[in-house]
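Topology and contacts: notes
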Amino acid sequence: MPANLLAQLVEAITHAGNDAAVKVIVLKSGGDRTFCAGASFKELVQINTIDEGKVFFSGFANLINAMRKCPKFIIGRIQGKAVGGGVGIAAAADYCMATQQAAIKLSEFTIGIGPFVVSPAIERKMGIAALSQLTLEANRFFEASWAREKGLYAEVYNSINDLDAAVQTLAEKLTTYNPEAMQETKKAFWSGTEHWDALLAERAAISGRLVLSEFTKRTLKKFSK
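Conventions adopted
Residues numbered from 1 in each chain as written. Predicted model: local features only at pLDDT ≥ 70, side-chain atom pairs only at ≥ 80, totals over all residues. Heavy atoms only, no water. Core = buried A, V, L, I, M, F, W, Y, C linked by side-chain atoms within 4.5 Å. Buried < 20%, exposed > 50% of the residue type's maximum accessible area, 1.4 Å probe, protein only. Helix = DSSP H or I, 4+ residues; strand = E, 2+ residues; numbered from the N terminus. Contact = heavy atoms within 4.5 Å. Pairing = 2+ DSSP bridges. Salt bridge = Lys/Arg side-chain N within 4 Å of Asp/Glu carboxyl O. Patch = residues over 30% accessible without salt bridge, like charges linked within 9 Å, V, L, I, M, F, W, Y side chains within 5 Å. Areas by Shrake-Rupley, 256 points an atom, 1.4 Å probe, with all protein chains shown as cover. Polar contact = N/O pair within 3.5 Å; in protein donor to acceptor, adjacent residues only side chain to side chain.

**Re the nonpolar core**
It is characteristic of soluble globular proteins that their nonpolar side chains tend to be buried jointly. Counting residues in hydrophobic clusters, the biggest one holds 58 residues, and the most contacted among them are Phe57, Met67, Ile104, Ile122, Leu152 and Tyr153. For this core, the leading source of residues is helix 3 (residues 50-69), giving 8 residues. Not counting chain neighbours up to four residues away, the residues in contact with Phe57 comprise Leu44, Ile47, Ile113, Val117, Ala204, Ser207, Gly208 and Val211. Residues Val24, Ala166, Leu174 and Met182 belong to the second largest nonpolar core, which totals 11 residues.

This is the structure in structure tokens:
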């Protein structure tokens, strides 16, 4: 997800949240193999200053906060693998449904940073034990069934067709409910996260600093080759 697409997604979610005609939001990705591979590696290797680093990592911070503050329920339709920021997006959805191919991985340690920006959303949804396992086993993909057991996914389906049918059924059901009741319920679900604007900005600054470390520079250079 390059910075411009992250910004466009923030704008789209904010707009949909403020549109009275929108009852529920379904967040989905194209293709059938990958939901989201995280931040743009091409942009990552071009970071030269701490400020540039903070701005870069603020992309996912802004998206998670937009999803958190959106007054409409967001259904995550996860049809394929999610890595790094992609796991954060799934965790920030109010209700996530996936296929068996939707394995997840937090690979940040492998390049010398950590999942600082996405970890509050993942911990909120899956707990500190699952977050710790994902973080420390940075080279490992965890199967969709594991993610369901830990609370990231509500349901896991055998195929994309089955997933889409289930997403459609739930979305249609939600459109029949009282919008006011859903809005107040979402506020209650996200109670205790009101400080996340500041928290995720702080986390983005940590990642922005670490990406300039000698360890990460050397590692990124290897990946670039």
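**Observations concerning the side chain of Ser207**
Looking at the secondary structure, you find Ser207 in helix 10 (residues 196-210). We classify Ser207 as buried; its relative accessible area is 2%. In contact with Ser207, not counting residues within four places along its chain, are Phe57, Ile113, Gly114 and Phe116.

**A few points about the pairing of strand 5 (residues 95-99)**
Across the 5 residues of strand 5, 4 count as buried, placing the element largely inside the fold. Across 4 bridges, the pairing between strand 3 (residues 74-78) and strand 5 is parallel. Each bridged residue has a counterpart across the sheet, and for Ile78 the counterpart in strand 5 is Ala98. With 3 bridges joining them, strand 5 and strand 7 (residues 155-157) adopt parallel strand pairing. For Thr99, the partnering residue across the bridge sits in strand 7 and is Tyr157.

**As for the environment of Lys105**
Assignment of secondary structure puts Lys105 in strand 6 (residues 104-105). By relative accessible area, which is 17% here, Lys105 ends up buried. Lys105 sits 83 residues away from Ala188 along the chain, and the two C-alpha atoms are 29 Å apart. Among residues more than four places away in sequence, those in contact with Lys105 are Ala82, Val83, Gly84, Val87, Ala138, Asn139, Arg140 and Phe141.

**Concerning the pattern of salt bridges**
Counting across every chain of the model gives 7 salt bridges. In this structure, the salt-bridge partner of Asp94 is Lys186, at a minimum N-O distance of 2.8 Å. Here Asp94, found in the loop between helix 4 (85-92) and strand 5, pairs with Lys186, found in helix 9 (residues 179-189); they are 92 residues apart in sequence, far enough to count as distant. Under the relative-accessibility criterion, Asp94 is labelled buried at 18%. The class for Lys186 is buried, based on a relative accessible area of 3%. Several salt bridges converge on common partners, so that one network encompasses Arg68, Lys69 and Asp197.

**Concerning a nonpolar patch on the surface**
A cluster of nonpolar residues, Phe41, Val45 and Phe223, forms a patch on the protein surface that exposes about 260 Å² of accessible area. Among the secondary structure elements, Val45 is positioned in the loop between helix 2 (41-44) and helix 3. Residue class for Val45 comes out partly exposed when judged on its relative accessible area of 34%.

**Overview of the side chain of Ser119**
Topologically, Ser119 is positioned in helix 5 (residues 119-126). Ser119 sits in the buried class, given a relative accessible area of 10%. There is a polar contact of 3.1 Å between the side chain of Ser119 and the backbone oxygen of Phe116. Contacts of Ser119, omitting those with residues within four sequence positions, involve Leu131 and Arg203.

**Notes on the pairing of strand 3**
Among the 5 residues in strand 3, 5 count as buried, and that is most of the element. Burial along strand 3 is two-sided: the face carrying Ile74, Gly76 and Ile78 and the face carrying Ile75 and Arg77 are both buried. Bridging between strand 1 (residues 25-27) and strand 3 involves 3 bridges; their strand directions are parallel. Considered in strand 3, the bridge of Leu27 is made with Gly76.

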